[in-house]
Amino acid sequence: MAPSSSSAASTFLQKPQTSPLARRSSSALLLRPRPRHNLVPLCRRQAVQELPAVDAAAGRTDCFGVFCTTYDLRADEETKSWKKLVNVAVSGAAGMISNHLLFKLASGEVFGPDQPIALKLLGSERSFQALEGVAMELEDSLYPLLREVSIGIDPYEVFQDVEWALLIGAKPRGPGMERADLLDINGQIFAQQGKALNAVASRNVKVLVVGNPCNTNALICLKNAPDIPAENFHALTRLDENRAKCQLALKAGVFYDKISNMTIWGNHSTTQVPDFLNARIDGKPAKEVIRDTKWLEEEFTKTIQKRGGVLIQKWGRSSAASTAVSIVDAIRSLVTPTPEGDWFSSGVYTNGNPYGIAEDIVFSMPCRSKGDGDYELVKDVKIDEFLWERIKKSEDELLAEKRCVAHLTGEVRLQ
């Protein structure tokens, strides 16, 4: 709750206001040196190239407009109605997904109506003006929970002390683009961001990787952040879960809220496995409600596996609004206790998993949470021959992708 006008003078400190141009032209910021990458061949197309250095003048992080005012809540207000400020970083903050997501974060829809939030927005030199436009829109929306907004292009600055990092920024998959192309282009981004998180973020930061190929990008990121627990990294497969729930609901003639225990196994790709064996419809096993086994094994499975590609063909770009919604769902599943008997899907680190899936990859599996930001894997799931055969195919694909990016995860060191 904002301070009243009568106490405003005593409840905030005013920072000097500077124009965007002045902020960007400052040369006072000292940037950390960036590690250089050796040139090694990738699996498909091009050599690893060193990321361009961030210019000191443009790389600094700045608060924006009204958010350059620091608001100190009165002690009684903070004690009675406000939680401690949470710092959330969003990369690709000037993109289409973020355009939908940021306003959900600022409104309280994600972390709750009593959770003040600071947004730290990461973009590129090319998108810096767009970042200022995003900040202006957030400013004009008058969200009382949104206490701070900062913008920048240097992850070592933007990720300072963040407790949540939503890594959306990556080159999107376009029509006809193969996943290996994305590995070539995006892998280095997540290696750099992993290093930055490791250097400056909260030691218990939760990281959600959205930029594709998200499973392997999450693996790259966590391997470059050895001081952050590997279980704190997630690859977004909640959109696939939501798509699967939609298709089951349509086939069964019920509404979405009747679908539970829906698991997406494996990679966020065409090898993903929507699990109809363990899914439930109005509390009953899905296979008891939908008795068309051929539809479940073929049409349903293929529809979910190819849904993203079909959307790109029709829309001309990757999904944005539905992806933002699924990011909200994924975070809320971690900060809200999972309903008794239910679970959710997330791409997580496989070490110690109870299913026999290969270790040291990021694989979507069924999870539960107590609402504290952490999760546990669900043990009481059935896996039949049909399901296991397809799980292994997705596992094989992720192991192949892992070999492709070994130079970015520290497993291959060239002289």
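Look up a bit, the structure's there.
In this report, we go over the structure that sits alongside the text. (Residues numbered from 1 in each chain as written. Predicted model: local features only at pLDDT ≥ 70, side-chain atom pairs only at ≥ 80, totals over all residues. Heavy atoms only, no water.)

Moving on: the side chain of Arg-238. Looking at the secondary structure, you find Arg-238 in helix α10 (residues 238-252). A distance of 3.4 Å separates a polar side-chain atom of Arg-238 from the backbone oxygen of Asp-329. A polar contact is formed between the side chain of Arg-238 and the side chain of Ser-333, at a distance of 2.6 Å. Not counting residues up to four positions away in its chain, the partners in contact with Arg-238 are Ser-326, Asp-329, Ala-330, Ser-333, Phe-344 and Ser-345. (Helix = DSSP H or I, 4+ residues; strand = E, 2+ residues; numbered from the N terminus. Polar contact = N/O pair within 3.5 Å; in protein donor to acceptor, adjacent residues only side chain to side chain. Contact = heavy atoms within 4.5 Å.)

As a further point, take the nonpolar core. As a rule of thumb, nonpolar side chains are buried together in soluble globular proteins. Grouped together as the largest cluster of nonpolar side chains are 58 residues, with contacts concentrated most on Val-88, Leu-105, Leu-119, Leu-121, Leu-138, Trp-265 and Ile-327. Among the nonpolar cores identified, the runner-up in size contains 34 residues, and Ala-191, Tyr-349, Cys-404 and Leu-408 belong to it. (Core = buried A, V, L, I, M, F, W, Y, C linked by side-chain atoms within 4.5 Å. Buried < 20%, exposed > 50% of the residue type's maximum accessible area, 1.4 Å probe, protein only.)

So, about unusual backbone geometry. For residues other than glycine, phi is negative in most cases, and the peptide bonds are mostly trans. Residue Pro-213 follows Asn-212 across a cis peptide bond; omega there is -5°. The phi torsion at Asp-161 lies on the positive side, around 65°, for a residue other than glycine. Mapped onto the elements, Asp-161 comes out in the loop between α7 (155-158) and β7 (164-167). Among the residues examined, Asp-161 registers a relative accessible area of 44% and is labelled partly exposed.

What follows deals with empty space enclosed by the protein. Counted by the stated rule, this structure contains 3 cavities of 30 Å³ or more. Reported here for the second largest cavity is a volume of approximately 70 Å³. Counting residues per element, the ones that place at least two in the lining of the second largest cavity are β8 (206-209), α13 (321-335) and β15 (344-349). (1 Å grid on protein atoms, 1.4 Å probe; cavity = no way out; pocket = protein on both sides within 12 Å on 5 of 7 lines; lining within 4 Å. Points joined across faces, edges and corners; volume = space filled by probe spheres on them.)

Going through the model one piece at a time under the given rule, you end up with 13 salt bridges. With its nearest N and O atoms 2.7 Å apart, the salt bridge here joins Lys-223 to Asp-360. Placement of the pair is Lys-223 in helix α9 (residues 214-223) and Asp-360 in the loop between β15 and β16 (362-368), with a sequence separation of 137 residues. The partly exposed category is assigned to Lys-223, whose relative accessible area is 26%. Where Arg-238 meets Glu-241, a salt bridge forms, and the shortest distance between an N and an O atom there is 3.5 Å. Of this pair, Arg-238 and Glu-241 both sit in helix α10, 3 residues apart, which is roughly one turn of that helix. (Salt bridge = Lys/Arg side-chain N within 4 Å of Asp/Glu carboxyl O.)

Turning our eyes to something else, we now look at the environment of Leu-183. Relative to the elements of secondary structure, Leu-183 occurs in helix α8 (residues 179-200). When neighbours within four sequence positions are excluded, Leu-183 is seen to be in contact with Pro-213, Thr-216, Glu-401, Cys-404 and Val-405.

Axis separation between helix α5 (residues 96-107) and helix α6 (residues 128-140) bottoms out at 11 Å; the angle between their running directions is 35°. α6 is crossed by α5, and the crossing has right-handed handedness. Contact residues: Asn-99, Leu-102, Phe-103 and Ala-106 in α5; Val-134, Glu-137 and Leu-138 in α6. Residues belonging to the contact of α5 with α6 are distributed by class as follows: 5 nonpolar, 1 polar and 1 charged. (Axes fitted to C-alpha atoms, helices over the stretch in contact; angles between N-to-C directions. Left-handed = near helix turned anticlockwise from the far one by under 90°. Nonpolar A, V, L, I, M, F, W, Y, C, P; charged D, E, K, R; others polar.)

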